[in-house]
Amino acid sequence: MGKSSNKMSLKPSISYVINDKLGGITSLNIALAKAGQKQTKIEQHFAFYHYKQSVGSRFNTIVQEANKQTMLEYSKLDNIYFVFKKFKKQLPPGAGVLVSNDIFELHYIESFGTEKTVYQIVHDDYNLELSQKFEPYIDVFIAHSLYIYNNLIKTLPNRHESCFYLPYGIEIPEAAEKAKLNADTLNLMFLGRMTTEKGIFDLPEIDKLLKERKISVNWTVIGRGPEKQKLFDIWKKFNQEVVFISPDTKEELNQIINEQDVFVFPTRFEGFPVALLETMALGVVPIVSDIPSGIPELVTPENGFLVHKQDIKGFVEKIQFLDGNRNILKDKALNSKEFVASNYELNNNMAAYHQLFAQYKELKQENNSIQHIQFGSRLDKWYLPNFIVRIIRKFIYKI
């Protein structure tokens, strides 16, 4: 009787489970929580985890919108089931919502189960693969790109009623009137994680061709990531004026974006790039790789240009066209702002997410029980103490 009444007294919560990395996924979840402050009375919890051997810049920041925030750090030496047990203690007990973004929490749910209703945000093709692999453990699938949603319902033909298309939203910033659209020099920018898959090493090549064509440009490169120093070293050999910057606040970022004319984004792989929304909202005209993703939903002939992936000359030609046609640049800038404000405003779009979260009781599936499926190596076992596993692995790695 005591246990039952304790369970009844537990308050439901929304737990956003996030790999502690900078990027669009973290930004999306924070935006969700920000909207949640107005949309729900349920407490919001951010459960971050960090694998110590992973590369890439960490987010590692206090989330102001969270009622509670936890951080789990683990390494390749740890017994993964010990890690999962620690993680379980960091999640609020009881029913409610668990927002999944990656494989870690899905393996955890596969191993431990959860009382919470599992909402997987299907960001890209990688998450689509996770949807298929972990389908029995996921209660609700949410795609914020129509491209991903259409692939999702093809991938999971028996789960249509659990799949939802909910467009993403951002806070629409106040944009000052651009003063430099008729200046001789065009302001070009890149915003994103500094990784090869974002196409960052195409940027110096684009710059070289622009110089050969005597097109005067300024470059501002914004972001963090494992390949940043390499890009800096390559580019600085022939262009000392390119500016690399990592703003500390959203306000500072918006101020820098507002001074730019064109967003050059030669990415190789995307789901639904938040950076594209953030730049277009401030009237920065996108020139972006045309890849299967949410990109074609955002970039139209009215507001920007799509270019074949890895077509450096194609990017250069579009930049040259805008440089020589400033009225068209101005029209596309206005169209970009209006398009994002009309279709991707934070509170309008994120309200739908929280309305769906409010249905967590009705949407909970009955078949996602604990399976105790083996995960990891031979040393990852339920019954092995973590200190023994760490000693053995240290010895193995030393050898």
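Data block above holds the structure.
Analysis parameters
Residues numbered from 1 in each chain as written. Predicted model: local features only at pLDDT ≥ 70, side-chain atom pairs only at ≥ 80, totals over all residues. Heavy atoms only, no water. Helix = DSSP H or I, 4+ residues; strand = E, 2+ residues; numbered from the N terminus. Buried < 20%, exposed > 50% of the residue type's maximum accessible area, 1.4 Å probe, protein only. Contact = heavy atoms within 4.5 Å. Areas by Shrake-Rupley, 256 points an atom, 1.4 Å probe, with all protein chains shown as cover. Lys, Arg positive; Asp, Glu negative; His and termini not counted. Charge placed at Lys NZ, Arg CZ, Asp CG, Glu CD. Pairing = 2+ DSSP bridges. Axes fitted to C-alpha atoms, helices over the stretch in contact; angles between N-to-C directions. Core = buried A, V, L, I, M, F, W, Y, C linked by side-chain atoms within 4.5 Å. Expected span 1.5 Å × (residues − 1). Phe/Tyr/Trp six-rings, centres within 6.5 Å; stacked < 30°, edge-to-face > 60°. Lys NZ or Arg CZ within 6 Å of the ring centre and 35° of its normal. Parallel < 35°, antiparallel > 145°, perpendicular 65-115°, else oblique. Nonpolar A, V, L, I, M, F, W, Y, C, P; charged D, E, K, R; others polar.

1. Describing the overall build of the protein chain
At step 1: A count of helices and strands for the protein chain gives 16 helices and 13 strands.
At step 2: Projected onto its principal axes, the C-alpha positions of the protein chain cover 75 × 55 × 40 Å.
At step 3: Expressed as a percentage of its 399 residues, the buried residues of the protein chain come to 52%.
At step 4: A separation of at least 24 residues holds for 66% of the contacts in the protein chain among residues at least 6 apart in sequence.
At step 5: Taken as a whole, the protein chain presents about 18,900 Å² of accessible surface, with 52% of it coming from carbon and sulfur.
At step 6: Here the protein chain contributes 49 positively and 46 negatively charged side chains, and the mean placements of these two sets differ by 8 Å.

2. Focus on the sheet that holds strand E4 (residues 96-100)
Either a parallel or an antiparallel arrangement is found when strands of a sheet pair, and the pairing is made through backbone hydrogen bonds.
At step 1: Across the sheet, which stays open at both edges, the seven strands sit in the order E3-E2-E1-E4-E5-E6-E7 with parallel pairing between neighbours. Looking at the sheet topology across the chains shown, the edges are occupied by strand E3 (68-74) and strand E7 (163-165). Going from strand to strand, the sheet's axes swing by 20° on average, the running direction of each strand aside.
At step 2: Alignment of E4 against strand E5 (residues 117-121), held across four bridges, turns out to be parallel. Paired with Ser-100 across the strands is Gln-120, a residue of E5.
At step 3: Sheet strands touched by helix H3 (residues 80-90): strand E1 (13-19), strand E2 (43-51) and E3. Its angle to E3, the strand with the most contacts, is close to 170°.

3. A word on the nonpolar core
At step 1: If you look at the biggest cluster of nonpolar residues, it comprises 83 residues, and the most contacted ones within it are Trp-219 and Phe-357.
At step 2: Per-element accounting of this core gives the leading share, six residues, to helix H2 (residues 24-39).
At step 3: Non-local contacts of Trp-219, meaning those with residues more than four positions away in its chain, are made with Leu-188, Leu-203, Ile-206, Asp-207, Leu-210, Trp-235, Asn-239, Val-242, Val-243 and Val-264.
At step 4: Ranked by size, the runner-up nonpolar core spans 31 residues in total, among them Ile-80, Leu-98, Ile-109 and Ile-148.

4. Some details on helix H7 (residues 202-212)
At step 1: Residues of H7 that are buried: Asp-202, Leu-203, Pro-204, Ile-206, Asp-207 and Leu-210.
At step 2: Taken together, the buried residues of H7 touch strand E8 (186-191), strand E9 (217-222), helix H8 (228-236), strand E11 (262-265) and helix H12 (312-324).
At step 3: Looking one or two places after H7, you find Lys-214, whose phi comes out positive at around 60°.

5. Remarks on the side chain of Thr-195
At step 1: Tracing the chain through its elements places Thr-195 in the loop between E8 and H7.
At step 2: Note on Thr-195: relative accessible area 10%, which makes it buried.
At step 3: Apart from residues lying up to four places away in sequence, Thr-195 is in contact with Ile-200, Pro-226 and Glu-227.

6. Looking at the environment of Val-284
At step 1: Within the element layout of this structure, Val-284 appears in the loop between helix H10 (274-280) and strand E12 (285-289).
At step 2: In the structure, Val-284 is positioned 51 residues away from Asn-335 in sequence and 9.9 Å away in space, judged by C-alpha atoms.

7. What about H2?
At step 1: Over its 16 residues, H2 runs 22 Å from end to end, which matches the ideal 22 Å to within 8%, given 1.5 Å per residue.
At step 2: Within H2, the full set of buried residues consists of Thr-26, Leu-28, Asn-29, Ile-30, Ala-31, Leu-32, Ala-33, Ala-35 and Gly-36.
At step 3: On its buried side, H2 packs onto E1, E2, E4, E5 and helix H14 (346-357).

8. Observations concerning the packing of aromatic side chains
At step 1: Counted by the stated rule, this structure contains 25 aromatic pairs.
At step 2: The interplanar angle of 80° and the centroid separation of 6.0 Å between the aromatic rings of Tyr-81 and Phe-84 together place this pair among those described as edge-to-face. With Tyr-81 and Phe-84 both in helix H3 and three residues apart, the pair spans about one turn of that helix. One exposure class covers both Tyr-81 and Phe-84, and it is buried.
At step 3: Between Phe-84 and Phe-112, the aromatic rings sit 6.3 Å apart at their centres with planes inclined by 85°, giving edge-to-face as the arrangement. Here Phe-84, found in helix H3, pairs with Phe-112, found in helix H4 (residues 103-112); they are 28 residues apart in sequence, far enough to count as distant. We note that Phe-84, like Phe-112, is buried.
At step 4: Taken together, the aromatic side chains of Tyr-49, Tyr-51, Tyr-74, Tyr-81, Phe-84, Phe-87, Phe-104, Tyr-108, Phe-112 and Trp-382 make up a single cluster linked through ring pairs.
At step 5: In this structure, Lys-76 packs its charged tip against the face of Tyr-397, placed 4.4 Å from the ring centre.

9. Structural notes on unusual backbone geometry
At step 1: The backbone of Asn-60 sits at a positive phi, close to 50°, despite the residue not being glycine.
At step 2: Positionally, Asn-60 belongs in the loop between E2 and E3.
At step 3: Given a relative accessible area of 57%, Asn-60 falls into the exposed group.
At step 4: The phi dihedral of Lys-214 falls on the positive side, at around 60°, and the residue is not glycine.
At step 5: When you line up the elements, Lys-214 lands in the loop between H7 and E9.

10. Considerations on the packing of H12 against helix H13 (residues 326-343)
At step 1: Remark: H12 packs on H13, axes separated minimally by 5 Å, with the N-to-C direction vectors making an angle of 105°. Viewed along their axes, H12 and H13 adopt a mutual orientation that is roughly perpendicular. Contact residues: Phe-321, Leu-322, Asp-323 and Gly-324 in H12; Arg-326, Ile-328, Leu-329 and Lys-332 in H13.
At step 2: For the contact of H12 with H13, the per-class residue count stands at four nonpolar, one polar and three charged.

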